[in-house]
Amino acid sequence: MKFSLSLFPPALLFACQVYADVHLPKIFNEHMVLQRYKPIPVWGWADAGEKVTVELTGNGISGKIKTVKAGKDGKWMLRLDAEKEGGPYKLIVKGKKNTITLSDVLIGEVWICSGQSNMQWTVNRSDNAKEEIAAADYPLIRHFEVPREISLTPQDDLRGGKWKPATPENVGGFTAAGYFFARELYRQLGVPVGLINTSWGGTIVETWISKEAMKSFSAFSNVVNTMPSSIEELGAKRKVKLGNAINESQGGLPTPAEVQSWSSASFDDSNWKTIELPRHFDRGNFILHDGAVWFRREFDLPDSLSGQHLALSLGTIDGLDDTYVNGVKIGSTAIKTSTERIYILEPSQLRTQKNRIAVRIEDPGGRSGFTGKPEDMKISRNTYEQSLAGTWKHRIESSVDNKQFAGPNDAGTLLYNTMIAPLIPYAMQGVIWYQGESNAGRAYQYRKSFPLMIKDWRDRWKETFPFLFVQLASFDAAGGNSAKGSSWAELREAQDLTLQASPKTGMAVIHDVGNPKDIHPTNKQEVGRRLALEALQMAYGQNVIAEGPRYQSMQKEGNKITLSFSNTGSGLEAHNKYGYLDGFEVAGADRIFHWAKAEIRDDKVIVWSDAVADPVAVHYGWADDNMEANLFNKEGLPAAPFRTDTWKGITEEARFK
């Protein structure tokens, strides 16, 4: 049944006494979506022993009333009977002194959207953002963004948050993967869809696991037993760690007199450390650094451009900048903004041959550094371009304590406590998850930690709900491949193994829509669509092809290996205009991999290499950047990357500490 908001009665105003004796968790507010076909938990707080009445009414529903008495601690909970999709309704909660009325409440499908930055990534930063926002006429899709905060102990409630309908005014700030997932579900099911967006960029899986679950895993139990006793202690440790990194890198911070010469063309920066740009500065050794940092490099000016104006493009910079060329200040941005810096250089500011650039970036808080694309960093005039991406020198001028040192990755459980625990036991259909980039360095351990988190959440909700996740996209994180090892390939393998370790899980494979130069693929439309296919098959029982080919077995004959697959759909095919398969490698007993030729025969793949007379192992898409892997089924879904060997990987010894 398709719903039209025009058929619904006008929404009533939300009325709630802020300091009422009876109050609800912040996940309960107007525009909310409740899960259909399941008992509906409603809970809150009141005076000890107070009688609380909860009613769901409106649009054909009446008499749905239940009562409960608050416990000695003031907490209460009841479950309304399961209902089919519909709305809008009013949810009315009455105590002895006050009444809370929530309006425009819908019943439909509720999904939790969680993970790190690729789940947090918003519609307004995705492909065709302007058109997508303008076309967002889906008022029956609702979105709730969970506030980001940390705690060492489980919290009863969120700090805030509001349910918002998918309209052009709101949708730009929605999780993009979640919104495009919900849009596809709405188109296929025709019922309201609610998204609870609880995501935080850059976070590790361990911070999303409860303390009790972490104790149950031997590799985590010692870490849990030595956790700090307070957030302040966490911050103090991180501050000391940053200070030690600065001392080790440059022997401490400079005096103001030393800094005065850093913009000069003649300054000797030979003892400065190098850094590859563009990138955020406050990651790696200097994580969470706030303050001022200088960057320097040279460029050669061809004689043919002598006396000409040039454009100096630095790409986007997150922070305040002062930019100098040959000691002359040629531009600055005095407010913190992530905008592209392009400065015009006068002929008088340039020299033939060697020119020196110095950029001071001041970070008053949050992320900082050169955040654009490599191709955006350049010297140019007309058709001439000289790249400025690559190796620069850097030195820290100052470090500021903005109370930023306690972060979500400083210990396990910190986000479970604040961004998951307060949601339990809100009724929902399942979870979509996009995370793993921050765990790539511990990919082998992710084989255990990721299924542990899934089980933990299911145990807390007391339900084996569908858990759908996105496999890491292509990204040239560290040039990893079969020859030197790939942490990203090993993380993808750990994600794939989770399908076997945890029931009712599904994986959207998206390496083909990744970006080797950007960890955040912007084609979130396809990410959401592929997650929706998994949901339509698993949660809603539709007869759809939801996955691409999956490796099953191999058979060797001479110097060739025949690979068999499941999920072939209506057949295998190579996705390129020439019809050639790419991304396959073979190795002999020496474990040295060579690019292989491959062809499809009767929904199997035959691989071989003239350089390997006696192959024993096959890799497919085994690299950080695996965009070349192009085996699909005819339904347009890519094969998951795989390896046939079990040889030791590069992350097997890495552990969470």
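Structure: see above.
None of these values were measured; they are calculated from a predicted model. (Residues numbered from 1 in each chain as written. Predicted model: local features only at pLDDT ≥ 70, side-chain atom pairs only at ≥ 80, totals over all residues. Heavy atoms only, no water.)

*Asks:* Can you break down the packing of aromatic side chains residue by residue, with the values?
*Replies:* Counted by the stated rule, this structure contains 35 aromatic pairs. Their ring planes at 25° and their centres at 6.1 Å tell us that W433 and F450 sit as a pair that is stacked. With a gap of 17 residues between them, W433 in strand β21 (residues 430-434) and F450 in helix α9 (residues 443-461) connect regions that are remote in the sequence. Of the residues examined, W433 reaches a relative accessible area of 0% and is grouped as buried. Assessed through its relative accessible area of 0%, F450 is described here as buried. Relative to F642, the ring of Y551 has its centre 4.6 Å away and its plane inclined at 5°; by these criteria the two rings are stacked. (Phe/Tyr/Trp six-rings, centres within 6.5 Å; stacked < 30°, edge-to-face > 60°. Helix = DSSP H or I, 4+ residues; strand = E, 2+ residues; numbered from the N terminus. Buried < 20%, exposed > 50% of the residue type's maximum accessible area, 1.4 Å probe, protein only.)

*Asks:* Explain unusual backbone geometry to me, using residue names and the numbers behind them.
*Replies:* With omega at 5°, the peptide bond leading from G87 into P88 counts as cis. Residue placement: P88 occurs in strand β6 (residues 86-94). Cis rather than trans, the peptide bond between L277 and P278 has omega equal to 10°. Tracing the sequence through the fold places P278 in the loop between β11 (273-277) and β12 (279-280).

*Asks:* Pulling in residues and values, what's your account of the packing of helix α3 (residues 176-189) against helix α11 (residues 524-538)?
*Replies:* The interhelical angle for the contact between α3 and α11, taken along N-to-C directions, is 50°, at an axis separation of 7 Å. One element, α3, and the other, α11, form an angle in the oblique class. For the pair α3 and α11, the sense of crossing is right-handed. From α3, A176, A177, F180, F181, R183, E184, L185, Q188 and L189 reach across to α11, where they touch K524, Q525, V527, G528, R529, L531, A532, A535 and L536. Here the contact of α3 with α11 is composed, by residue class, of 11 nonpolar, 3 polar and 4 charged. (Axes fitted to C-alpha atoms, helices over the stretch in contact; angles between N-to-C directions. Parallel < 35°, antiparallel > 145°, perpendicular 65-115°, else oblique. Left-handed = near helix turned anticlockwise from the far one by under 90°. Contact = heavy atoms within 4.5 Å. Nonpolar A, V, L, I, M, F, W, Y, C, P; charged D, E, K, R; others polar.)

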